[in-house]
Amino acid sequence: MIAVATFALAGVPFLAGLKAAQDIFIDAAEAYAWGQQFLGGYGRHPPLTGWIARIWYSVFPAADWASYALSRLMTFVTLAGVYFIARRAAGERRAAFIVLVMMLYPLFHTKGERFNNYQVLLALFPLLVLAFLNAYQKRTAFWGAVLGLAAAACTMTIYSGLIGLAAVSLAALMHPDRWRFLRSPAPWVAALVFCVALAPHLLWLIKWNFPTLQWASSLAEEPGSLRQTLDYLGHHFALIAIPVVAGAVLLLPWARQVRAAATQQPDAFLIVIIGAVLVFTPPVVALILGSYLRLDWGNPLFFLVPLTLLVFVPLRLTRRALARAAIAASVFTLLLLTASPIYPWVNYRLRPVGGSHAPYHEIGMELTRLWRERFATPLPIVVGGYEVAAYVVFYSPDHPKMYADFNPALSSWIDYPDELRRKGWIGACGALAADCIARLDELDPSAEKAVVSVTRRIAGVPGETMTYAVRISAPAR
């Protein structure tokens, strides 16, 4: 656990250096905007990620490093959960080995800055598996309640968390001791607690006419294909192959350990079933329904693959192999820390325009300046698409509320339309986004019009210039 904590802490300066020329990931800014209030849901998504952001930013400032630190906390929880799962299924030495090679998994370093629903779910799924293993073994009401809370937390992060619920349910039914479990209070208490814990979110769904379900169904309707599904699987197996291949190399020369079959080891059997359901359910369902699979949907689902392989192929793990894994993880982490201050400046000088270097921080500061010049008050509300509004909320020193995508159901923290009229607002759309600009004008035809251009400039090197059509609606007098 010391190694896990050290790795997580080292990630904060690593990410701060690696992303020094960029703004935080859009999902992280959006989570901050959600977390301005505790609500039963946040437009397109269930509430747990916003709740976590609310708690975190009540202690820490809205700063890039704080966002990266929150992401590293999620990484710590994930790896700690994997460690304790592996201890039950494979023993303490193997658990340490699994965690050390998992430190090479890109989702835990170069792709690890994205605090969002998928990263939170990646942290919660190991906790769900642990709660299930305890509930299955002890069969008490207490562990049933813990399992119900863990399942509800996954579901209230993003609805694909239900895959985890399906995975543990199928594992429970396939295990030879299923009747002992089903006759105990654990599964029934878990079901009751799950329903009770979901009640606030269900009430919010009814009040706002199920916006999250409408959003999810609109994504499911996007057409997919066999090739796209195979690309999804190929992408994630390629990512998880990095720690798997590294682990295989560190175990050379291979020597098979005589062990009981996975089916004769209760926890190992359950983990194999859960891992298989997590990995293969989305592509199978996508192929059946002809739906599109976004790559980031798979981020929380592959964490059990290395452990599953070690269960199926029980290679002898010596102390020397464990020491090699510790050295490899340490050297890799040190290389990341060494390279991280250099990469962003080289990358920015080579490619200063476009993509990750877009000046969202600058537009947040400029819109705040415009509002304060006119009204000498903090900016109360920003209006526009999520891609701009969330960044303004995070980077503006006033941290306004956002009315995003011009849909009251997607901005339930706004008392629409009264709050907009009473407090006033500033809106920004891309200069060529005619539909967005028209919606701004509909909100207040008399709003002041302006055009704002902002440019990122680092060490004297100008980056991309972004131009926005801006509308300023004065507060009611």
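Note that the structure is predicted; figures quoted are calculated from it, not measured.

Visitor: How do you make sense of the state of the cysteines when you look at a structure like this?
Guide: Cysteine pairs can be covalently joined through their sulfur atoms, and such a bond is termed a disulfide. Tallied over the entire structure, the rule returns one disulfide. Two residues share a disulfide in this structure: Cys429 and Cys436, whose sulfurs sit 1.9 Å from each other. Judged by the torsion about the S-S bond (-65 degrees), the Cys429/Cys436 disulfide is left-handed. Judged on exposure class, the residue Cys429 and its partner Cys436 are both buried. The thiol of Cys154 is not disulfide-bonded; the next cysteine sulfur, from Cys195, is found 15 Å away. Accessibility expressed as a relative area gives 0% for Cys154, which makes it buried.

Visitor: Would you mind showing me how to read the sheet that holds strand 3 (residues 425-430) here?
Guide: Hydrogen bonds between backbone groups are what pair the strands of a sheet, and the pairing can be parallel or antiparallel. If you trace the five strands from one edge of the open sheet to the other, you get 2-1-3-5-4, paired in mixed fashion. A strand with exactly one partner marks an edge of an open sheet, and here the two such strands are strand 2 (401-404) and strand 4 (448-458). Between one strand axis and the next, the sheet turns by 30 degrees as a mean value, whatever way the strands run. Where strand 3 meets strand 5 (residues 461-473), six bridges bridge the pair, whose relative direction is antiparallel.

Visitor: Got a minute to help me understand the environment of Gly385 in this structure?
Guide: Among the structural elements, Gly385 can be located in the loop between strand 1 (381-384) and helix 18 (386-395). Relative accessible area serves as the criterion here: at 16%, Gly385 is assigned to the buried category. C-alpha separation for the pair Gly385 and Tyr403, spaced 18 residues apart in sequence, amounts to 8.4 Å.

Visitor: What's the story with the pattern of salt bridges in this structure? I'm lost.
Guide: Any two side chains of opposite charge can pair, given that their charged atoms come close. As enumerated under the stated definition, the model contains 16 salt bridges in all. Of the charged contacts in the structure, one is a salt bridge between Glu30 and Arg44, with a shortest N-O distance of 2.7 Å. Highlighted residues: Glu30 in helix 2 (residues 26-34) and Arg44 in the loop between helix 2 and helix 3 (48-57), separated in sequence by 14 residues. The exposure class assigned to Glu30 is buried, which follows from its relative accessible area of 6%. Arg44 gets classed as buried once you look at its relative accessible area, which sits at 13%. With a closest N to O distance of 3.6 Å, Glu113 and Arg114 form a salt bridge. Under the relative-accessibility criterion, Glu113 is labelled buried at 6%. Ionic contacts of the salt-bridge type, sharing partners, join the residues Glu366, Arg369, Glu373, Arg374 and Glu448 into one network.

Visitor: Could you clarify how one ought to interpret the environment of Cys436 in this entry?
Guide: If you trace the backbone, Cys436 turns up in helix 20 (residues 434-443). Between the C-alpha atom of Cys436 and that of Ala469, which follows or precedes it by 33 residues, the distance is 9.4 Å. Setting aside residues up to four positions removed in sequence, Cys436 forms contacts with Phe406, Ala428 and Cys429.

Visitor: I would appreciate a short explanation of a nonpolar patch on the surface in the present structure.
Guide: Taken together, the side chains of Phe237, Phe280, Val284, Val285, Ile288 and Leu289 present a nonpolar region at the surface, about 580 Å² in accessible area. Examining the composition of the nonpolar patch, we find that five residues originate from one element, helix 13 (residues 266-289), more than from any other. Along the polypeptide, Ile288 turns up in helix 13.

Visitor: Honestly, the pairing of strand 4 in this entry has me stumped. Any pointers?
Guide: In regular strands, side chains alternate between the two faces of the sheet. In this sheet, strand 5 lies alongside strand 4 in antiparallel orientation, the contact comprising 10 bridges. From the neighbouring strand, Val454 faces strand 5, where its bridge partner is Met466. In this antiparallel pair of consecutive strands, strand 4 and strand 5, the connection spans two residues, and Ala459 shows a positive phi of 50 degrees.

Visitor: Honestly, the side chain of Gln228 in this entry has me stumped. Any pointers?
Guide: By the element assignment, Gln228 lies in helix 12 (residues 226-250). Judged by its relative accessible area of 13%, Gln228 is buried. There is a polar contact of 2.3 Å between the side chain of Gln228 and the backbone oxygen of Leu293. Among residues more than four places away in sequence, those in contact with Gln228 are Ser291, Tyr292, Leu293 and Arg294.

Visitor: So what exactly am I meant to see when it comes to the packing of helix 1 (residues 2-18) against helix 15 (residues 319-339) here?
Guide: Each pair of packed helices can be summarised by the angle the axes make with each other and by the distance between the axes. It is the contact of helix 1 with helix 15, at a shortest axis distance of 9 Å, that shows an interaxial angle of 20 degrees. By the angle between their directions, the pair helix 1 and helix 15 is classed as roughly parallel. Between helix 1 and helix 15 lies a crossing whose hand is left-handed. Mapping the contact onto sequence places Phe7, Ala10, Pro13 and Phe14 in helix 1 and Thr333, Leu336 and Leu337 in helix 15. Partitioned by chemical class, the residues of the contact of helix 1 with helix 15 number six nonpolar, one polar and no charged.

Visitor: Sorry, what's going on with the pairing of strand 2 here?
Guide: The alternating pattern of strand 2 places Lys401 and Tyr403 and Met402 and Ala404 on opposite faces, both of which are buried. Pairing between strand 1 and strand 2: four bridges, direction parallel. Bridged to Ile381 within strand 2 is Lys401. Of the crossover connections in this fold, the one passing from strand 1 over helix 18 to the parallel strand 2 is right-handed.

Visitor: Hey, could you run me through helix 16 (residues 343-350) in this one?
Guide: Residue pairs spaced three or four apart in an α-helix point in one direction, given the helix's 3.6 residues per turn. Among the residues making up helix 16, those that are buried are Pro344, Asn347 and Tyr348. All buried residues of helix 16 lie within an arc of 100 degrees about the axis, which places them on one face of the element. Of the exposed residues in helix 16, the ones pointing more than 90 degrees away from its buried face are Arg349 and Leu350. Its buried side turned inward, helix 16 meets helix 1, strand 4 and strand 5.

Visitor: Would you explain the packing of aromatic side chains in this entry?
Guide: The geometry of an aromatic ring pair is captured by the separation of the ring centres together with the interplanar angle, meaning the angle of the planes. Going through the model one piece at a time under the given rule, you end up with 20 aromatic pairs. A ring pair is formed by Trp34 and Tyr42, whose centres lie 5.8 Å apart and whose planes are at 15 degrees; its orientation type is stacked. In this pair, the class of Trp34 matches that of Tyr42, namely buried. Each ring, one from Phe60 and one from Trp65, has its centre 6.0 Å from the other, and the planes form 85 degrees; the classification is edge-to-face. Within the aromatic cluster, the residues linked to one another by ring pairs are Tyr32, Tyr57, Tyr360, Tyr391, Phe394 and Tyr395. Residue placement shows Arg44 over the ring face of Tyr386; its charged tip is 3.9 Å from the ring centre. The ring of Phe7 carries the charged tip of Arg72 above its face, separated from the ring centre by 4.9 Å.

Calculation notes
- Residues numbered from 1 in each chain as written.
- Predicted model: local features only at pLDDT ≥ 70, side-chain atom pairs only at ≥ 80, totals over all residues.
- Heavy atoms only, no water.
- Disulfide = S-S within 2.5 Å.
- Buried < 20%, exposed > 50% of the residue type's maximum accessible area, 1.4 Å probe, protein only.
- Pairing = 2+ DSSP bridges.
- Helix = DSSP H or I, 4+ residues; strand = E, 2+ residues; numbered from the N terminus.
- Axes fitted to C-alpha atoms, helices over the stretch in contact; angles between N-to-C directions.
- Salt bridge = Lys/Arg side-chain N within 4 Å of Asp/Glu carboxyl O.
- Contact = heavy atoms within 4.5 Å.
- Patch = residues over 30% accessible without salt bridge, like charges linked within 9 Å, V, L, I, M, F, W, Y side chains within 5 Å.
- Areas by Shrake-Rupley, 256 points an atom, 1.4 Å probe, with all protein chains shown as cover.
- Polar contact = N/O pair within 3.5 Å; in protein donor to acceptor, adjacent residues only side chain to side chain.
- Parallel < 35°, antiparallel > 145°, perpendicular 65-115°, else oblique.
- Left-handed = near helix turned anticlockwise from the far one by under 90°.
- Nonpolar A, V, L, I, M, F, W, Y, C, P; charged D, E, K, R; others polar.
- Right-handed = clockwise from strand over helix to strand, strands pointing away.
- Arc of directions from axis to C-beta.
- Phe/Tyr/Trp six-rings, centres within 6.5 Å; stacked < 30°, edge-to-face > 60°.
- Lys NZ or Arg CZ within 6 Å of the ring centre and 35° of its normal.

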